[in-house]
Amino acid sequence: RQFQAGVHILRNVAVAHSMGGPIADIAETAIRALLPAVTAEFEKQHGKLPGRGLAVIGLGKLGGREMNVGSDLDLVFIYDVPAELGDEWTLMQSDGSRPLAPMHYYARLAQRTIGALDVATTEGRLFEVDMRLRPSGNSGPIASGLAAFGRYQREEAWTWEHMSLTRARVVAGDPSFATEIEAGIRDLLCRPRDGDQLVVDIADMRRRMAETYPADNLWDVKHWRGGMVDVDFIAQYLQLRHAESNPAVLSPNTRAALTNLAKAGLLDREAAEDLIEAVHLWHNIQGLLRLTVGHKLDEAALPAGIAAALAAAGDEVDFRGLKQHMIDIAELALGHYRTLIDEPADAARPRLDSRETER
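Throughout what follows, the structure given in this document is the object of discussion. Values in this document were obtained by computation on a predicted structure and should not be read as measured data.

**Points about the packing of helix α12 (residues 269–292) against helix α14 (residues 319–358)**
The geometry of a pair of packed helices is captured by two quantities: the angle between their axes and the separation between those axes.
Moving on, step 1. Two elements in contact, α12 and α14, have axes whose closest approach is 9 Å; the angle formed by their N-to-C orientations is 135°. Taken together, the axis directions place α12 and α14 in an arrangement best described as oblique. Of the two elements, α12 crosses α14, and the hand of that crossing is left-handed. For the pair formed by α12 and α14, the contact residues are A271, D274, L275, E277, A278, L281, W282 and I285 on the first element and L322, H325, M326, I329, A330, L332, A333 and H336 on the second.
Moving on, step 2. Among the residues making up the contact of α12 with α14, the classes are represented as 12 nonpolar, two polar and two charged.

Structure below.
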């Protein structure tokens, strides 16, 4: 099915942006099919624990249903800790022939699930799995209990982690547990925030990212200024800024979030239209590049057929027109980024410094 989606994009039957949802459906179907199968195999050795088991949260492009063929899966694993067991839970062990304590049990089950998704076979890997967005990043536990996850997000998480949560969606697990997780995430996103600190944190993070990933090529549509990162940051910042008073703005999908923000009067409609056009363009170009030349494009060596396909993906008549369109859209998106984030952050820094001095 992923191959079929790629063929549709290459033959201009569909553009990459319109295939983001169907490709995410493929990934979700794989996760939902593999999780119970892996769990059943795991239970043969280690038995079961009370509760509703393991749930899988999709973040990033999976959470937002904006996947391309070959996109990584950004995953977080959450397990159920039955409230009625209290402290007794940590002293329990599973009831199998090789019993495990809950923390180890779910860490191993999550690792088995990752292995099922990204194992190398003769036909390649099904998906690459990225776990860096879990609590505490690469140093954090593979799986967390829901209460511990919520406590970390409330007390220790950085702003960028809450930005990631704007794109969170439960993709597999017990339905009642999934509902509880998503309600908890919504509560986290709707917490009161210091607007000055929020916008400064986000502006500083974008600056550091630009230093780490300097985009010197227009075709690096993710990191190019006015590209995907800038648009995503705008959508995530505005959701975190306004969700407390207007929870209806929240959506894991960038286009939907921008639409919600415009409907709520929290984003100028013309700016929202510019940013949504940028979302479509960058997704279409990135999707086609990954199917053809990979992450780097050498214009001098670009076959005419691919140049024409790129122009069509950008709804332009030729390659030169596409490049100019990309430059124009990037300038518009970057202008909105500066108006919505950079300029407010510059105004907020003296106020934060003043508060710090008063302390």
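**Examining the environment of T254**
Moving on, step 1. Tracing the backbone shows T254 in helix α11 (residues 254–263).
Moving on, step 2. In sequence terms T254 and V279 are 25 residues apart; their C-alpha atoms lie 7.7 Å from each other.
Moving on, step 3. Aside from chain neighbours lying at most four places away, what touches T254 is E66, R167, V231, D232, A235 and V279.
Moving on, step 4. Here D232 takes part through its side chain, which lies 3.2 Å from a polar atom of the side chain of T254.

**Structural notes on the nonpolar core**
Moving on, step 1. Counting residues in hydrophobic clusters, the biggest one holds 111 residues, and the most contacted among them are L75 and L310.
Moving on, step 2. With 12 residues, α14 is the single largest residue contributor to this core.
Moving on, step 3. With residues up to four places along the chain from it excluded, the contact list for L310 reads W219, I285, L288, L289, L297, L302, F319 and L322.

**Observations regarding unusual backbone geometry**
Moving on, step 1. Here R65, not a glycine, exhibits a phi torsion of approximately 55°, which is positive.
Moving on, step 2. A positive phi angle, near 60°, is found at D315, a position not held by glycine.
Moving on, step 3. Structurally, D315 is set in the loop between α13 (304–313) and α14.
Moving on, step 4. A residue is classified by how much of its surface remains accessible, and D315, at 70% relative accessible area, is exposed.

**Here we look at helix α6 (residues 146–155)**
Moving on, step 1. The set of residues buried in α6 consists of L146, F149, G150, Y152 and Q153. With its buried residues spanning 160° around the axis, α6 presents them on a single face. Opposite its buried face, α6 presents the exposed residues A147 and E155, each directed more than 90 degrees away.
Moving on, step 2. The inward-facing, buried residues of α6 contact β2 (73–79), β4 (143–145), α7 (159–165) and α8 (175–189).

**Considering helix α5 (residues 102–118)**
Moving on, step 1. Under the 1.5 Å per step criterion, the end-to-end length of α5 is 24 Å for 17 residues, consistent within 8% with the ideal 24 Å.
Moving on, step 2. Listed as buried for α5 are P102, Y105, Y106, L109, A110, T113, I114, L117 and D118.

**Some words on the packing of aromatic side chains**
Moving on, step 1. Under the criterion given, the structure shown has four aromatic pairs.
Moving on, step 2. Seen in terms of ring centroids, Y79 and Y106 are 4.6 Å apart; in terms of plane orientation they differ by 10°. Their pairing is stacked. Placement of the pair is Y79 in strand β2 and Y106 in helix α5, with a sequence separation of 27 residues. One exposure class covers both Y79 and Y106, and it is buried.
Moving on, step 3. On the numbers, 5.3 Å between centres and 10° between planes, the contact of W219 with F319 is stacked. Highlighted residues: W219 in the loop between α9 (195–212) and α10 (228–242) and F319 in helix α14, separated in sequence by 100 residues. For the pair W219 and F319, one class covers both residues: buried.
Moving on, step 4. Members of the aromatic cluster, connected to one another through ring pairs, are F42, Y79, Y105 and Y106.
Moving on, step 5. Note that R225 overlies the ring of Y337, its terminal NZ or CZ placed 5.3 Å from the centroid.

How each quantity is defined
- Residues numbered from 1 in each chain as written.
- Predicted model: local features only at pLDDT ≥ 70, side-chain atom pairs only at ≥ 80, totals over all residues.
- Heavy atoms only, no water.
- Axes fitted to C-alpha atoms, helices over the stretch in contact; angles between N-to-C directions.
- Helix = DSSP H or I, 4+ residues; strand = E, 2+ residues; numbered from the N terminus.
- Parallel < 35°, antiparallel > 145°, perpendicular 65-115°, else oblique.
- Left-handed = near helix turned anticlockwise from the far one by under 90°.
- Contact = heavy atoms within 4.5 Å.
- Nonpolar A, V, L, I, M, F, W, Y, C, P; charged D, E, K, R; others polar.
- Polar contact = N/O pair within 3.5 Å; in protein donor to acceptor, adjacent residues only side chain to side chain.
- Core = buried A, V, L, I, M, F, W, Y, C linked by side-chain atoms within 4.5 Å.
- Buried < 20%, exposed > 50% of the residue type's maximum accessible area, 1.4 Å probe, protein only.
- Arc of directions from axis to C-beta.
- Expected span 1.5 Å × (residues − 1).
- Phe/Tyr/Trp six-rings, centres within 6.5 Å; stacked < 30°, edge-to-face > 60°.
- Lys NZ or Arg CZ within 6 Å of the ring centre and 35° of its normal.

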